[in-house]
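These are the residues of each chain, in order.
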Amino acid sequence: MLRILLLALCGLLTHTRADPGALLRLGMDIMNREVQSAMDESHILEKMAAEAGKKQPGVKPIKGITNLKVKDVKLPVITLNFNPGVGIFQCVSTGMTITGKSFMGGNMEITVVLNITATNRLLQDEETGLPMFKSEGCEIILVSVKTNLPSNMLPKVVNKFLDSTLHKVLPSLMCPAIDAVLVYVNRKWANLNAPMPVGQMGTVKYVLTSIPTTTASYIQVDFSPTVQQLEANTIQPADAGEAFEFPEGYVEGSSQLLLSATFLTTELALLQKSFDVNVHETKIGQLPPQTTKTLAGFIPKVAKAYPKPKPLVTQIRINKPPKVTMKTGNSLLHLHGTLEMFAARRRGKAPASLFLLESLNRMMGCGYSVFLSYPQEKKLTGFITDYLQEAYVPVVNDVLQVGFPLPDFLDMDYNLAELDIVENALVLDLKLN
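Residues numbered from 1 in each chain as written. Predicted model: local features only at pLDDT ≥ 70, side-chain atom pairs only at ≥ 80, totals over all residues. Heavy atoms only, no water.

A. Layout of the pattern of salt bridges. If you walk through the whole model with that rule in mind, you get eight salt bridges. A salt bridge links Glu41 to Lys188; the nearest nitrogen and oxygen atoms lie 3.6 Å apart. Taken together, the residues span a long stretch of sequence, with Glu41 in helix α2 (residues 28–42) and Lys188 in the loop between α4 (155–187) and β7 (196–198) at a distance of 147 residues. Classification of Glu41 as partly exposed rests on a relative accessible area of 43%. In this structure Lys188 comes out as buried when scored by relative accessible area, which is 16%. The shortest N-O distance in the salt bridge between Arg121 and Glu136 comes to 2.8 Å. Taken together, the residues Arg121 in strand β5 (residues 107–124) and Glu136 in strand β6 (residues 131–147) connect sequence positions 15 residues apart. Judged by relative accessible area, which is 28%, Arg121 ranks as partly exposed. Within the structure, one salt-bridge network assembled from shared partners comprises Arg33, Glu34, Glu41, Lys188 and Asp411. (Salt bridge = Lys/Arg side-chain N within 4 Å of Asp/Glu carboxyl O. Helix = DSSP H or I, 4+ residues; strand = E, 2+ residues; numbered from the N terminus. Buried < 20%, exposed > 50% of the residue type's maximum accessible area, 1.4 Å probe, protein only.)

B. Molecular detail of the state of the cysteines. Taken as a whole, this structure holds one disulfide when the rule is applied. Residue Cys138 pairs covalently with Cys175 via a disulfide, S to S 2.1 Å. Around the S-S axis, the bridge from Cys138 to Cys175 shows a dihedral of about -90 degrees and counts as left-handed. Of this pair, Cys138 sits in strand β6 while Cys175 is found in helix α4, placing the two residues 37 residues apart along the sequence. For Cys175, a relative accessible area of 15% gives the class buried. (Disulfide = S-S within 2.5 Å.)

C. Quick peek at the environment of Thr265. Counting through the fold element by element, Thr265 comes out in helix α5 (residues 261–268). Overall, Thr265 belongs to the buried group, its relative accessible area being 10%. As for Thr265 and Pro237, which are separated by 28 residues in sequence, their C-alpha atoms are 7.7 Å apart. The residues touching Thr265, leaving out its near neighbours within four places in the chain, are Pro322, Lys323 and Val324. In this structure the side chain of Thr265 is engaged in a polar contact, spanning 2.9 Å, whose partner is the backbone nitrogen of Val324. (Contact = heavy atoms within 4.5 Å. Polar contact = N/O pair within 3.5 Å; in protein donor to acceptor, adjacent residues only side chain to side chain.)

D. Molecular detail of the confidence of the model for the chain. Taken as a whole, the chain shows an average pLDDT of 84; of its residues, 85% reach a score of 70 or greater. In this model, residues 1–19 is a region of pLDDT below 50 whose contacts with residues beyond four sequence positions or in other chains number 71 contacts. Below pLDDT 50 for its whole length, residues 360–369 participates in 29 contacts with residues either more than four positions away or in separate chains. (pLDDT = per-residue confidence, 0-100.)

E. Representation of the sheet that holds β7. The strand order across the open sheet built from three strands is β7-β8-β11, with neighbouring strands paired in antiparallel fashion. The sheet is open, and its two edges are formed by β7 and β11 (226–229), each paired on a single side. Averaged over all pairs of adjacent strands, the angle between strand axes in this sheet comes to 30 degrees, irrespective of strand direction. Across four bridges, the pairing between strand β8 (residues 202–205) and β11 is antiparallel. Bridged to Val204 within β11 is Val227. (Pairing = 2+ DSSP bridges. Axes fitted to C-alpha atoms, helices over the stretch in contact; angles between N-to-C directions.)

F. Inspection of the side chain of Thr294 at higher detail. Along the chain, Thr294 turns up in helix α6 (residues 292–296). According to the relative accessible area criterion, Thr294 is buried, its value standing at 17%. A distance of 2.6 Å separates a polar side-chain atom of Thr294 from the backbone oxygen of Pro289. The contacts of Thr294, once residues within four sequence positions are left out, are Pro288, Pro289 and Phe383.

Below is the structure:
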């Protein structure tokens, strides 16, 4: 699974509506790949050809031909077109040679080139809630027919025999191939609405809101994702959300997945406790030593209380669910909480609280009043900002490494996707190998 937030959200901490959900647009690029791979994986035309000469229950033998066999099946060429409001119109062009003993007693060969056409209606399975294709109106259209029957035979007799033979053989031989291919495609939706873990914190489940819709350019699948904690409590979106939509400008026939900022915010609620941290290190990156001596430069009373330097212990607690906001080309992760610094003491004694910071303009001292001059406040602001950047942002990025699962459908490889941040949403432009 692609770790979306690690790639798309900047680790900024700020003072503190996108529509909940996800939208999927399936272009012809993905549908062509899936139908072609299903045809290749199933080897269905070859299997149908192998079954042609076997006796089938309830199927009468064809008069005038015995020892029926099918050989030399040509590699199919598949053409798909979206049928608005219905699904996909499919045409499979192929060819083959039908052999056997003719009514004249000699070996007969009929070489045909044909098109198999059908409408693949897109539905929603009532039991599973998953998308599914179902073929309708399968027809066989003959493009050309060649035979080795003697040329001195009456044309009407030959034509009548060929017409009778082909109309009995081809529909029962070829139309089931369309259904078999759709079985392969439908299987690749099987895990779409299965709960997927988010680390050890909970699960995400992509549930269809309605039957997918088909336009002249794409299939759109609307999701109403369910985010649950491990104890099975469902996390509700924090607000009703603002509108979001697919931006224009994508290549015709391509596919995209859109995730709303509200949905990403709901997922982040699973990680809220993971953003809490206690920092004990005295040396952090390029920061000055984390001791009371450094802090005394901004808060004079710390110097009086601790004339000898003591190591600092910093506690950060996030007291509101995280929130994501997105504007075109930019995203912010908002974390609301408190930062409290302590002076470490001897073993067995709890650290002594020095101050509790609720925001950069609201600080409470523990056991004394905190009054800072403007220069002191400016220095403290810089110290806290640098501290968060050096000590806390790496923690946030580590938490986001858990990644959020994306819809599992049609063997999609999200590692190839290109990301784009738009108004109130994240867009993944899906790519094929």
